[in-house]
Amino acid sequence: MADKKRTPQQQSMDPAAQEMLIRAEELGIGTAFTRADDMVPCNIGGAGMCCKICSMGPCRLTKDGQTGVCGATIDTIQARNLIRAIAAGAAAHSDHGRDMAFTLKAVANGEAEGYTLKDIAKLRTVASHYDINIEGRPPEEIANDLADLYIAQFGQQKGVVAPTIRAPKKRQLIWEEQGVMPRGVDREIVESLHRTHIGDDQEPEHILQHAIRTALSDGWGGSLIATDISDILFGTPAPVLGQANLGVLKKDYVNVVVHGHEPTLSQMIVAASQAPDIIEYAQKAGAKGVNLSGICCTANEILMRQGIPAAGNFLQQELAILTGAVEAMVVDVQCIMQALVNLATKFHTEIITTSKKVKITGATHIEFDEHKALTIAKDILKHAIDNYKNRGEVQIPDYRSDLIPGFSHEYINYMLGGSYRASFRPLNDAIMAGRIRGVAAVVGCNNARSQHDHLHTYVTRELLKQDVLIVETGCSAIACAKEGLMLGEAGLEQVGAGLREICETVGIPPVLHMGSCVDNTRILTVLSQMVAEGGLGDDIDQIPAVGLAPEWMSEKALSIGTYCVASGAYVIFGGSSPVSGMPDRVSDSDIVSRLISQGWEDKFGGKLEFIPDPDEMVKATLAHIDKKRAALGLPEYDPNRFGRSGDAHIRELEALPLENRREAIYGTAVE
Ligand code: NFS
């Protein structure tokens, strides 16, 4: 397959990544990029046409009208494969939420070493959503009640999961009418697995209806709980200065990279890395101190709250080790490549697994326990420091970009009106007036099958030119951060005049970093608040907004996409569709694709589509935004309506000689 080999420039658009890919090639080391080139994906499984649910198969349905041994049709098989992926994604996110709920319980009862309740205001706000009494009670008591309530949500057998009451009223009615009001995520996931066992649910539409319910139990259940509790324990994010890319690794420091998803341990490692005894220990080892950075969504958790730099996104985990500068990569759950361990043996890096749920053959396991978190965090850091002496040749790419992360929905509310009139009104007004054409959430993974970061940044840039405000999470956010799109000033000249005016007035970047993938629930909250503010309809499906996951690859992404659709959003995934069928099968392989697009739109007002071409993604996004604007009776978007932004105009004036300014302002020569 020599002709399939891509150059480093084709594999990634990021110069830091390219430098490391060249180094890997020179050292004869494989990465996900080269493994993707070497591994031809299976076009039968990739299109959802392979059933391996029982041992009479696997059945590959490649011919028109063909069925599996049991008679299962292509549509049933595709629907079953999709719901199973959604269930796995929902399980991953929501189990993270469950662990957060147990941590909250332990903190409330004084049993979690080193943790406190950091955001009491958010604790009170969240508790009052559920009528937990907050008046005159100590925070620990409120937190204990909230933890009990949240822990109970996961196994809720009957009745809806509590956070769904935070969705717009009309949305809740749709879920009720459609019979998809989510119960506890454990029940919905078990039912997904039961329904897809051999000989159970075999009507694609019926299977997919439960896929919606399962995803909703994640989005409005497990994931939302995870975000709520992370904010309560570690603080609701507000803008801070951060940096992103491999250049955040430091030559003279012990570099510890935290990678994975749960903030519990990483937050404690942040605290431990700043402890005087740890700094002293590092200095005794000959280093200046401990330099902490993150990969993947763990990076986003500590970047959003403390401004700890992000070394990179999903496809950079191996590249960080290739610098030779990482003493320890500390991982917990999700998106951790097994290849890390073998790669680390070629350098001095120690891979440390920490979750009860995740061990990797060959890695060091230091199990995390929230009851003695600080002690464990220090133990891990000492391991890393002890490893500093084993460091060999180091090559750190000199690329890092500044960014301002920290746009929680609470902060967006505040920034639009200050504390005395915090509100979403200015945002709604700007959309209604057409200064902002609409909103797009560009989120999700990297995928080694497409050029690293390219689709995220391309789609983002194109939409910014069209006055679309962008919110981002996950690896997409890190991609755009590296490109400098998350700074107040930077990139504004590439932004449409109307959006630019808003960014300058409010003092925000045109791309807002809203957190980790679990925090996509913040986007649901923003959309719900925009509905509540008024002027943009009475439900999420009426807002001119679109969700995009251009480089998706994980099952979690499918769960997120589906709960966003069920909440009323148009969601576009890039790359390949897991339910596409074979291109030459004309008669019967697009039923599931139609059910999740047109079918779901008829029921929920949102739809899921797979569009590989980035220009088509942009086109579909803008068409949808304009369709929603028209349905609301808003003025048609006109890029020239607002001319240049106010600041641009002032800067032009300032550049003129003094004597010409009055003429420029008043339009006629002044004597
Ligand atoms: Ni989301 Fe975060 Fe990245 Fe994708 Fe993985 S880190 S939870 S799954 S790859 S965005």
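Residues numbered from 1 in each chain as written. Predicted model: local features only at pLDDT ≥ 70, side-chain atom pairs only at ≥ 80, totals over all residues. Heavy atoms only, no water.

## Regarding the overall build of the chain
Thought 1: A tally of regular secondary structure across the chain gives 27 helices and 16 strands.
Thought 2: The C-alpha radius of gyration of the chain comes to 25 Å, within 12% of the 26 Å expected for a compact globule of 671 residues.
Thought 3: Taken over the C-alpha atoms alone, the chain extends approximately 95 × 70 × 65 Å along its principal axes.
Thought 4: Relative to all contacts within the chain whose residues are 6 or more apart in sequence, the contacts with residues 24 or more apart total 76%.
Thought 5: Element-wise, carbon and sulfur atoms account for 52% of the exposed surface of the chain, whose accessible area totals about 25200 Å². (Helix = DSSP H or I, 4+ residues; strand = E, 2+ residues; numbered from the N terminus. Rg over C-alpha atoms; globule rule 2.2 N^0.38 Å. Contact = heavy atoms within 4.5 Å. Areas by Shrake-Rupley, 256 points an atom, 1.4 Å probe, with all protein chains shown as cover.)

## Section: the sheet that holds strand β15 (residues 570–573)
Thought 1: The sheet built from six strands is open, its strands ordered β13-β12-β11-β14-β15-β16 with parallel pairing. Each having just a single partner strand, β13 (511–513) and β16 (607–610) make up the two edges of the open sheet. Averaged over all pairs of adjacent strands, the angle between strand axes in this sheet comes to 20°, irrespective of strand direction. (Pairing = 2+ DSSP bridges. Axes fitted to C-alpha atoms, helices over the stretch in contact; angles between N-to-C directions.)

## Regarding the domain arrangement of the chain
Thought 1: Segmentation of the chain into domains returns domain 1 (8–60), domain 2 (74–234), domain 3 (242–390), domain 4 (407–574 + 611–631) and domain 5 (643–671).
Thought 2: Taken together, the contact pairs 29 residues of domain 2 with 26 residues of domain 4.
Thought 3: For the pair domain 2 and domain 4, the two sides together bury roughly 2100 Å², of which 63% comes from carbon and sulfur.
Thought 4: One can count five salt bridges joining domain 2 with domain 4.
Thought 5: For the side of domain 2 that touches domain 4, the secondary structure elements donating two or more residues are α5 (74–108), α8 (169–178) and α10 (204–234).
Thought 6: Ranked by residue count, the leading element in the side of domain 2 that touches domain 4 is α10, at 12 residues.
Thought 7: Tallied by class, the residues present in the side of domain 2 that touches domain 4 amount to 17 nonpolar, six polar and six charged. (Domains from an automatic or database assignment. Buried area = accessible area lost by both parts, 1.4 Å probe. Salt bridge = Lys/Arg side-chain N within 4 Å of Asp/Glu carboxyl O. Nonpolar A, V, L, I, M, F, W, Y, C, P; charged D, E, K, R; others polar.)

## Notes on the pairing of strand β4 (residues 254–259)
Thought 1: Taking burial as the measure, the six residues of β4 include six buried ones, the bulk of the element.
Thought 2: On β4, burial covers both faces: V254, V256 and V258 on one face and N255, V257 and H259 on the other are all buried.
Thought 3: Judged from the six bridges that link them, β4 and strand β5 (residues 290–295) form a sheet pairing that is parallel. Residue pairing across strands places V257 opposite S293, the latter belonging to β5.
Thought 4: Both β4 and strand β7 (residues 326–331) contribute to a ladder of five bridges, which runs parallel. Across the sheet, residue V258 finds its bridge partner in β7, namely V330. (Buried < 20%, exposed > 50% of the residue type's maximum accessible area, 1.4 Å probe, protein only.)

## Section: the site of the ligand
Thought 1: Around the ligand, a shell composed of H261, C296, C297, F314, C335, G444, C445, C475, C517, M553, S554 and K556 is seen.
Thought 2: Here the ligand is seated within the largest cavity.
Thought 3: For the shell around the ligand, a count of residues per class yields eight nonpolar, three polar and one charged.
Thought 4: Each of domain 3 (242–390) and domain 4 (407–574 + 611–631) contributes no fewer than three residues to the shell around the ligand. (Near = heavy atom within 4 Å. 1 Å grid on protein atoms, 1.4 Å probe; cavity = no way out; pocket = protein on both sides within 12 Å on 5 of 7 lines; lining within 4 Å. Sits in = over half its atoms within 2 Å of the grid points.)

## Looking at the coordination of the nickel atom of the ligand
Thought 1: If you check the protein contacts of the nickel atom of the ligand, you find one donor only, C517 (SG), at 2.3 Å.
Thought 2: Tracing the backbone through its elements, the reader meets C517 in the loop between β13 and α22 (520–533). (Donors = N, O, S within 2.8 Å, 3.2 Å for Na, K, Ca; no water.)

## Quick look at helix α20 (residues 474–482)
Thought 1: For α20, the buried fraction is high: nine of the nine residues fall into the buried class.
Thought 2: For α20, the set of buried residues is G474, C475, S476, A477, I478, A479, C480, A481 and K482.
Thought 3: Of the residues one or two after α20, G484 is the one with positive phi, at around 75°.

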